[in-house]
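Summary of the model geometry
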Amino acid sequence: MAIATTTKFSVLDRSRTRQGVTAPEALRETVRFARRIEAFGYHRFWVSEHHSVPGVAGSAPTVLAAAVAGATSTIRVGTGGVMLPNHQPLVVAEQFGVLESLFPGRIDMGLGRSVGFTDGIRRALGRDKRDADDFPVRLAELLAYFTGDGTAHPEVHAHPAEGLRPPAFVLATGKGARVAAEAGLPLVIAAVRGEDAMLRAVEGYRRDFRPSAWGERPYVVLSGTVAVAATAEEAHRLLIPEAWSTAYARTRGAFPPLAPVDTVLATPMTERERALFEEARRGQTAGSEEEVAAALEKLLARSGADEYLVTTSTYDRGALLESYRRLADLAGLTPGPARTDF
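Please read these numbers as outputs of a predicted model, since none were measured by experiment. (Residues numbered from 1 in each chain as written. Predicted model: local features only at pLDDT ≥ 70, side-chain atom pairs only at ≥ 80, totals over all residues. Heavy atoms only, no water.)

Topic: helix 9 (residues 240-252)
Worth spelling out the cut-off: Going along the chain from the N terminus, every DSSP run of H or I of four or more residues is numbered as a helix, and every run of E of two or more is numbered as a strand. Take the residue count of a helix, subtract one, and multiply by 1.5 Å to get its expected span. For this analysis, residues touch if any pair of their heavy atoms sits within 4.5 Å.
Over its 13 residues, helix 9 extends 18 Å from the first C-alpha to the last, a length consistent with the 18 Å expected when each residue adds 1.5 Å. Turning to helix 9, the residues buried within the fold contact helix 8 (232-238), helix 10 (261-265) and helix 11 (271-281).

So, the packing of aromatic side chains
Using the following cut-off: Think of it this way: a Phe, Tyr or Trp ring, Trp meaning its six-membered ring, pairs with another when their centres are within 6.5 Å, and the plane angle makes it stacked under 30 degrees, edge-to-face over 60, tilted otherwise. Three exposure classes are used, based on accessible area relative to the maximum for each residue type with a 1.4 Å probe and protein chains only: buried under 20%, partly exposed in between, and exposed over 50%. We count a charge as sitting over a ring when the NZ of a lysine or the CZ of an arginine lies within 6 Å of the ring centre and within 35 degrees of the ring normal.
Overall, the coordinates contain eight aromatic pairs when judged by the stated rule. Between phenylalanine 146 and tryptophan 214, the aromatic rings sit 5.9 Å apart at their centres with planes inclined by 90°, giving edge-to-face as the arrangement. Within this pair, whereas phenylalanine 146 is found in helix 5 (residues 135-147), its partner tryptophan 214 is found in the loop between helix 7 (195-208) and strand 8 (220-224), the two being separated by 68 residues in sequence. The residues phenylalanine 146 and tryptophan 214 share a single accessibility class, namely buried. Following the ring pairs from residue to residue traces out a cluster consisting of Phe33, Tyr42, Phe45 and Tyr324. The residue whose ring lies beneath arginine 18 is tyrosine 315, and the NZ or CZ to ring-centre distance is 5.4 Å. The cationic tip of arginine 165 hangs over the ring face of tryptophan 214; the distance from NZ or CZ to the ring centre is 4.7 Å.

Some details on the packing of helix 9 against helix 11
What counts is decided by this rule: Axis definition: a line fitted to C-alpha atoms, over the contacting stretch in the case of helices. Angles run 0 to 180 degrees between N-to-C directions. Here the angle decides the label: under 35 degrees means roughly parallel, over 145 means roughly antiparallel, 65 to 115 means roughly perpendicular, and every other value means oblique. With the far helix as reference, a near helix turned anticlockwise by less than a right angle produces a left-handed crossing, and one turned clockwise produces a right-handed crossing. Three classes are used, and their members are as follows: Ala, Val, Leu, Ile, Met, Phe, Trp, Tyr, Cys and Pro are nonpolar, Asp, Glu, Lys and Arg are charged, and the others, Gly among them, are polar.
For the pair helix 9 and helix 11, interaxial distance at closest approach is 8 Å and the crossing angle is 135°. Looking at the two axes, helix 9 sits oblique to helix 11. Viewed along their axes, helix 9 and helix 11 form a crossing whose handedness is right-handed. For the pair formed by helix 9 and helix 11, the contact residues are Ile240, Ala243, Trp244, Thr246, Ala247, Arg250, Thr251 and Arg252 on the first element and Arg272, Glu273, Leu276, Phe277, Glu279, Ala280 and Arg281 on the second. Of the residues assigned to the contact of helix 9 with helix 11, the class counts are seven nonpolar, two polar and six charged.

Focus: the pattern of salt bridges
A pair can form between side chains of opposite charge whenever their charged atoms are brought close. Rules: By convention in these notes, a salt bridge is any Lys or Arg side-chain nitrogen within 4 Å of a carboxyl oxygen on Asp or Glu.
A complete count under the given rule lists 24 salt bridges for this structure. Close ionic contact of arginine 113 with aspartate 133 constitutes a salt bridge, the shortest N to O distance being 3.8 Å. Of the two residues, arginine 113 sits in the loop between strand 5 (107-112) and helix 4 (119-125) while aspartate 133 sits in the loop between helix 4 and helix 5, which places them 20 residues apart along the sequence. Taking the relative accessible area as the measure of exposure, arginine 113 reaches 25% and is therefore partly exposed. Using a relative accessible area of 52% as the deciding quantity, one classes aspartate 133 as exposed. Residues glutamate 322 and arginine 325 are paired through a salt bridge, measuring 2.6 Å at the closest nitrogen-oxygen approach.

Purely spatial values, then, with no claim about function.
This is the structure:
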């Protein structure tokens with residue numbers, strides 16, 4: 001059963017570490033994974049920014065994006081995202097200017113407003129929670145370095161960014177949707193607070209969207225986990241390692257490396273951990289081809305999304321690749337360049 005949609009499908013990989021696999025190995029896995037995703041025919045491949053998180057190796061997204069772009073040839077490559085409050089807009093503009101210069105027409109600039117997972121990380125970055133409130137100002141300054149009409153530092157020019165136009169995206173959960181609308185930028189949004197809340201935010205984004213030099217119309221990218229397997233049971237097993245990592249983080253304050261499914265199922269859990277573990281397993285799109293196709297068609301019809309950014313992580317890399325292959329088939333993606341050097 002295929003998905004009857006023209007929606008684009010893309011992938012975000014967070015370079016998750018796994019038990020027995022080092023962070024450097026996880027980063028190299030991300031680059032190899034990007035090649036496979038390109039061969040499956042996905043539209044974009046994005047990487048993320050996390051600091052001092054044991055379970056995530058991706059801490060320098062523009063550096064990793066350069067490696068991914070150099071190892072691929074046709075897929076769009078970008079960040080999901082660079083957390084703008086952590087960086088000076090000038091430096092971010094310069095980094096993306098270099099990326100766009102080296103890989104013209106293939107670079108995406110996904111931008112978020114997070115300021116770090118814990119107080120200690122925020123202090124190490126020289127930031128605090130209040131810096132997230134400055135996101136709209138920092139975003140405007142960043143975009144102005146590309147157009148060359150900034151007012152924050154009119155004597156400063158971001159070379160080689162000035163005059164280039166890598167597409168910019170705003171990553172949002174709630175209030176960020178309004179920021180995207182007012183800036184005239186595409187919106188990337190996940191159902192962090194539930195599907196209905198996400199759809200209300202999408203509706204508000206479309207209503208408030210202001211055309212800009214960066215976008216003439218609203219563009220919505222939904223983001224979420226999708227697992228496809230021969231049976232629903234196999235698909236739901238794929239989500240167990242990430243669900244336990246989430247429950248662990250919410251009780252201990254740090255995301256751990258992903259563990260094998262059988263290890264997680266044999267792990268004693270407190271009542272609270274069990275509740276959080278089961279909560280993390282709900283609200284995902286997982287099942288057989290028929291079940292996933294039906295669920296995605298319903299969601300895409302409700303949202304009118306232009307694109308879906310898949311964010312699935314699991315311990316078993318082979319099963320993960322097979323899930324993405326099955327989803328590519330469901331979505332009718334056109335295979336990318338044939339590769340033999342995986």
